[in-house]
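Here's the letter readout for the chains.
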Amino acid sequence: LAMMAALGMLGQSLVQLPGMEGVPKGVTACVSGNGQVGFLLILAIVSGLEAAVFVQDPKKEPGNFGNPLPWWDDYSEEMRARELNNGRIAMFSAIGIISASLYTGKSAAEQFGL
């Protein structure tokens, strides 16, 4: 989730959907104008996915949804540990983008100088 959040914050600062031209490109987009509608739509989609698709199997430990990409058979303890570390780094990335955006008022792309 944090990986998608960090990528989404970068993507929203580079590309805007039709009807969202007047919405700020930073993290404050969810509280202004049409950004509120988009934010509520995203929350509804995520809620539906959480309720219907990403359902916890009672036979597995919490958080174990199996191999996310079944193209490879490498679902070892080492690969799971790597994926956990990637998620932790993504959380720091998302928190960093949010904090810097609130402090400076710049979007994710502007923070990178794009």
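Our subject is the structure listed above.
Remember, it's a predicted structure, so these values are computed and weren't measured experimentally.

### Focus on the side chain of S13
Argument step 1. Note that S13 resides in helix α1 (residues 2–14).
Argument step 2. Of note is the side chain of S13, whose polar atom sits 3.5 Å from the backbone oxygen of M9.
Argument step 3. A polar contact of 3.1 Å, which involves the side chain of S13, links it to the backbone nitrogen of A109.

### Description of α1
Because each turn of an α-helix spans 3.6 residues, side chains separated by three or four positions in sequence point in the same direction.
Argument step 1. With 13 residues, α1 should cover 18 Å at 1.5 Å per step; its first-to-last C-alpha distance of 19 Å lies within 8% of that length.
Argument step 2. When we look at burial in α1, the residues that qualify are A2, A6, M9 and S13. When α1 is viewed along its axis, its buried side chains cluster within an angular range of 60° and face the same direction. Turned more than 90 degrees off the buried face of α1, the exposed positions are M4 and L7.
Argument step 3. Where α1 is buried, its residues touch α3 (77–104) and α4 (108–111).

### Regarding a nonpolar patch on the surface
Argument step 1. Among the surface-exposed residues, L41, I45, L49, V53, F54 and F65 lie close enough to one another that they form a single nonpolar patch of about 580 Å² accessible area.
Argument step 2. Inspection of the secondary structure assignment puts F54 in the loop between α2 (34–52) and α3.
Argument step 3. Look at F54 and you get partly exposed, because its relative accessible area is 44%.

### Examining the pattern of salt bridges
Argument step 1. Enumeration over the complete set of coordinates arrives at three salt bridges.
Argument step 2. In this structure, E61 and R80 form a salt bridge, with 2.6 Å as the shortest nitrogen-oxygen distance. In this pair, E61 sits in the loop between α2 and α3 while R80 sits in helix α3, placing the two residues 19 residues apart along the sequence.
Argument step 3. E78 is the salt-bridge partner of R82, the closest N and O atoms lying 2.8 Å from each other. Here R82 pairs with E78, and both are found in helix α3, just four residues apart, close to one helical turn.
Argument step 4. Salt bridges here are not isolated pairs; linked through shared partners, they connect E61, E77 and R80.

### Regarding the packing of α1 against α3
Argument step 1. Relative orientation of the contacting elements α1 and α3 amounts to 35°, with a least axis distance of 7 Å. Where α1 crosses over α3, the two elements pack in a sense that is left-handed. Here A2, M3, A5, A6 and M9 of α1 come into contact with α3, specifically with E83, N86, G87, A90, M91, S93, A94, I97 and I98.
Argument step 2. Of the residues belonging to the contact of α1 with α3, the class tally is 10 nonpolar, three polar and one charged.

The rules behind the values
- Residues numbered from 1 in each chain as written.
- Predicted model: local features only at pLDDT ≥ 70, side-chain atom pairs only at ≥ 80, totals over all residues.
- Heavy atoms only, no water.
- Helix = DSSP H or I, 4+ residues; strand = E, 2+ residues; numbered from the N terminus.
- Polar contact = N/O pair within 3.5 Å; in protein donor to acceptor, adjacent residues only side chain to side chain.
- Expected span 1.5 Å × (residues − 1).
- Buried < 20%, exposed > 50% of the residue type's maximum accessible area, 1.4 Å probe, protein only.
- Arc of directions from axis to C-beta.
- Contact = heavy atoms within 4.5 Å.
- Patch = residues over 30% accessible without salt bridge, like charges linked within 9 Å, V, L, I, M, F, W, Y side chains within 5 Å.
- Areas by Shrake-Rupley, 256 points an atom, 1.4 Å probe, with all protein chains shown as cover.
- Salt bridge = Lys/Arg side-chain N within 4 Å of Asp/Glu carboxyl O.
- Axes fitted to C-alpha atoms, helices over the stretch in contact; angles between N-to-C directions.
- Left-handed = near helix turned anticlockwise from the far one by under 90°.
- Nonpolar A, V, L, I, M, F, W, Y, C, P; charged D, E, K, R; others polar.

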